[in-house]
Amino acid sequence: PKPNGDPTAMLMKSYACQRRTPLKHHNSFLTEALEILSQNAEYNDNEGRSVAFRRAASVLKALPRRVRSMQDLRCLPCLGDHSQRVIKEILEDGSSREVESTRQSEQYQAMKALTGIFGVGVRTADRWFREGLRSPDDLIRTGQQLNREQQAGVQYYDDLQKPVTKAEADVISDIVEKAVHAVLPGAEIQLMGGFRRGKEVGHDVDFLITHPEEGKEEGLMPKITNWLKEQGLLLYQKTTRNSYLEKMDGPARASSNMDRFERCFSIFKLQKCAVSCKLSSTASAEDVSTACERERPDEHHSEASGWRAVRVDLVVSPYSQFAFATLGWTGSKLFERELRRWAGQEKHMSLSSHALYDSKQNLYLRAKTEEEIFAYLGLEFIPPSERNA
Ligand code: ATP
Ligand code: MN
Ligand code: MN
């Protein structure tokens with residue numbers, strides 16, 4: 001007995017951070033199409049349009065049922081004329097001409113291939129595209145100037161294109177835990193990003209590291225990467241130092257989604273046998289690595305198939321910022337973006353991965369848990385598995 005007789009429409013809130021968005025939903029046939037248009041808008045440097053399509057897709061992900069007619073969309077927020085046109089065409093004809101021609105377009109495919117290289121953003125890819133380059137092979141063939149990151153990106157391109165499985169992420173977790181505890185006992189490590197949201201595959205593995213005694217975490221990253229290097233586990237790494245200063249970076253910079261933690265963008269060398277060992281046993285990290293060594297020694301050196309490259313992001317946070325860092329590194333990207341927009345537009349607060357600042361009271365709000373942050377923001381707590389906006 002709702003005013004307009006449609007309970008789902010009445011319940012659909014307009015910010016993604018007000019809604020529960022599960023990983024698996026009922027409308028991928030529509031959301032995939034809208035996300036292609038969003039991606040394409042991003043390639044064309046049209047952020048507003050890109051976000052609009054992404055928000056539209058996200059609303060459909062939160063629906064409890066498959067959309068069957070335009071009637072099902074009545075009263076839903078975030079669906080602009082363009083998105084509605086695309087949805088209508090897919091519902092009526094099975095596909096959208098605009099989406100299909102975008103998908104097939106030379107620009108879309110080249111931009112996808114080029115931005116798919118680790119270290120290559122939209123700007124660089126666009127410049128290369130306008131110079132006639134279409135793929136990583138073209139970069140090699142024409143001897144393009146590449147920075148160290150992009151060189152690694154091209155070198156490990158095929159491996160980095162392959163999705164990382166949860167089993168692989170678990171083996172990497174064991175390794176990271178071992179490395180961190182070897183250099184700083186008592187440190188805490190948390191799996192972040194897509195895997196924390198329950199994804200079964202990802203494009204990388206993300207970790208957040210802290211220590212309950214604030215200060216102990218300072219300068220930790222070089223120690224971790226040195227340990228990993230000594231073990232021959234790193235193919236590439238670039239560490240950036242922590243540059244966060246509350247006075248300078250707090251309220252003023254809240255609109256930027258780049259945080260300033262000590263971080264490391266890396267490429268791990270993952271032994272494939274470690275994954276099969278882990279899958280076929282309940283052994284601990286140590287047992288897995290030694291068992292591998294014993295049973296299949298030659299596989300460790302077989303460049304053809306013994307190992308693969310995996311992208312890993314490591315972030316170190318001071319304990320007092322850990323809740324904010326956890327919230328900020330769990331994603332999804334749209335969920336994060338919507339949280340910050342909600343904070344700014346609805347609450348006059350600014351949220352980052354470091355802090356929450358209340359502009360009305362002129363103070364920082366401290367939090368030990370994600371739950372407290374949602375409460376400050378006047379939002380119902382959304383667990384990580386339902387932040388797949
Ligand atoms: P995937 O499975 O594709 O890796 P993901 O959700 O884990 O999906 P990531 O790109 O790994 O995507 O990002 C994970 C989280 O980390 C996101 O919420 C994002 O906002 C945050 N993040 C990524 N890069 C940065 C950065 N440079 N600064 C701040 N936060 C970042
Ligand atoms: Mn990730
Ligand atoms: Mn990442």
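Check the entry above for the structure.
Residues numbered from 1 in each chain as written. Chains lettered and ligands numbered in written order. Predicted model: local features only at pLDDT ≥ 70, side-chain atom pairs only at ≥ 80, totals over all residues. Heavy atoms only, no water.

1. Things to note about the overall build of the protein
What the protein contains, in helices and strands, is 19 helices and ten strands. Of the contacts formed within the protein by residues at least 6 apart in sequence, a portion of 69% connects residues at least 24 apart. By element, 48% of the accessible surface of the protein is carried by carbon and sulfur atoms, the whole surface being about 19400 Å². (Helix = DSSP H or I, 4+ residues; strand = E, 2+ residues; numbered from the N terminus. Contact = heavy atoms within 4.5 Å. Areas by Shrake-Rupley, 256 points an atom, 1.4 Å probe, with all protein chains shown as cover.)

2. Here we look at the site of ligand 1
Near ligand 1 you find 18 residues, and of these Gly194, Lys199, His203, Asp204 and Lys333 are the closest. In the model, an oxygen atom of ligand 1 is placed 2.8 Å from a nitrogen or oxygen of the Lys199 side chain. The contact in question runs from a nitrogen atom of ligand 1 to an N or O atom on the backbone of Asp259, over 3.4 Å. Coverage of ligand 1 by the protein chains reaches 86% of its 610 Å² of free accessible surface. Counting only elements with at least two residues in the shell around ligand 1, the list comes to helix H12 (193–196), helix H17 (322–330) and helix H18 (333–347). Looking at the shell around ligand 1, its residues break down into two nonpolar, eight polar and eight charged. For the shell around ligand 1, the domains that each give at least three residues are domain 3 (164–320) and domain 4 (324–386). (Near = heavy atom within 4 Å. Polar contact = N/O pair within 3.5 Å; in protein donor to acceptor, adjacent residues only side chain to side chain. Nonpolar A, V, L, I, M, F, W, Y, C, P; charged D, E, K, R; others polar. Domains from an automatic or database assignment.)

3. Concerning the environment of Ser83
Inspection of the secondary structure assignment puts Ser83 in helix H4 (residues 81–93). Through-space distance from the C-alpha of Ser83 to that of Ala56 is 6.8 Å; in sequence the pair is 27 residues apart.

4. Some points on the coordination of the manganese ion (ligand 3)
The coordination sphere of the manganese ion (ligand 3) contains the protein donors Asp204 (OD), Asp206 (OD) and Asp313 (OD), at a distance range of 2.1 to 2.2 Å. Mapping the donors of the manganese ion (ligand 3) onto the primary sequence gives the spacing D-x1-D-x106-D. Between the manganese ion (ligand 3) and the manganese ion (ligand 2), the interatomic distance is 3.6 Å, and Asp204 donates to each metal, bridging them. Judged by its relative accessible area of 8%, Asp206 falls in the buried class. (Donors = N, O, S within 2.8 Å, 3.2 Å for Na, K, Ca; no water. Buried < 20%, exposed > 50% of the residue type's maximum accessible area, 1.4 Å probe, protein only.)

5. Some words on the pattern of salt bridges
Pairing between side chains of opposite charge can happen when the charged atoms of each approach one another. The full count for this structure, using the stated rule, is 24 salt bridges. Note that Glu47 is salt-bridged to Arg337, the shortest N-O span being 3.0 Å. Taken together, the residues Glu47 in helix H3 (residues 47–61) and Arg337 in helix H18 connect sequence positions 290 residues apart. Classification of Glu47 as exposed rests on a relative accessible area of 51%. You can call Arg337 partly exposed: its relative accessible area is 32%. Of the charged contacts, one joins Lys166 and Asp170 as a salt bridge, the two residues approaching to 2.7 Å between their closest N and O atoms. Highlighted residues: Lys166 and Asp170, both in helix H11 (residues 166–183), separated by four residues, approximately one helical turn. Owing to a relative accessible area of 32%, Lys166 belongs among the partly exposed residues under this scheme. Taken together, the shared-partner salt bridges connect Arg20, Glu380 and Glu386 into one network. (Salt bridge = Lys/Arg side-chain N within 4 Å of Asp/Glu carboxyl O.)

6. Looking at the packing of helix H2 (residues 28–43) against H3
Viewed as axis vectors pointing N to C, H2 and H3 meet at an angle of 165°, and their least axial separation amounts to 7 Å. The pairing of H2 with H3 is recorded here as roughly antiparallel in orientation. Between H2 and H3 lies a crossing whose hand is left-handed. Facing Leu30, Thr31, Leu34, Glu35, Leu37, Ser38, Gln39, Ala41 and Glu42 of H2, the residues of H3 in contact are Arg49, Ser50, Phe53, Arg54, Ala56, Ala57, Leu60 and Lys61. Partitioning the contact of H2 with H3 into residue classes produces eight nonpolar, four polar and five charged. (Axes fitted to C-alpha atoms, helices over the stretch in contact; angles between N-to-C directions. Parallel < 35°, antiparallel > 145°, perpendicular 65-115°, else oblique. Left-handed = near helix turned anticlockwise from the far one by under 90°.)

7. A look at the packing of aromatic side chains
Taken as a whole and judged by the stated rule, the model has eight aromatic pairs. Pairing Tyr319 with Phe322 gives two aromatic rings, centres 6.5 Å apart and planes at 10°, and the pair type is stacked. Looking at Tyr319, the relative accessible area reads 32%, which means it is partly exposed. Centre to centre, the rings of Phe374 and Phe381 are 5.1 Å apart; their planes meet at 80°, and the pair counts as edge-to-face. Look at Phe374 and you get buried, because its relative accessible area is 1%. For Phe381, a relative accessible area of 26% translates into the label partly exposed. One aromatic cluster is present, formed by Phe335, Phe374 and Phe381 through successive ring pairs. Against the face of Phe29 rests Arg66, its NZ or CZ located 4.0 Å from the ring centre. (Phe/Tyr/Trp six-rings, centres within 6.5 Å; stacked < 30°, edge-to-face > 60°. Lys NZ or Arg CZ within 6 Å of the ring centre and 35° of its normal.)

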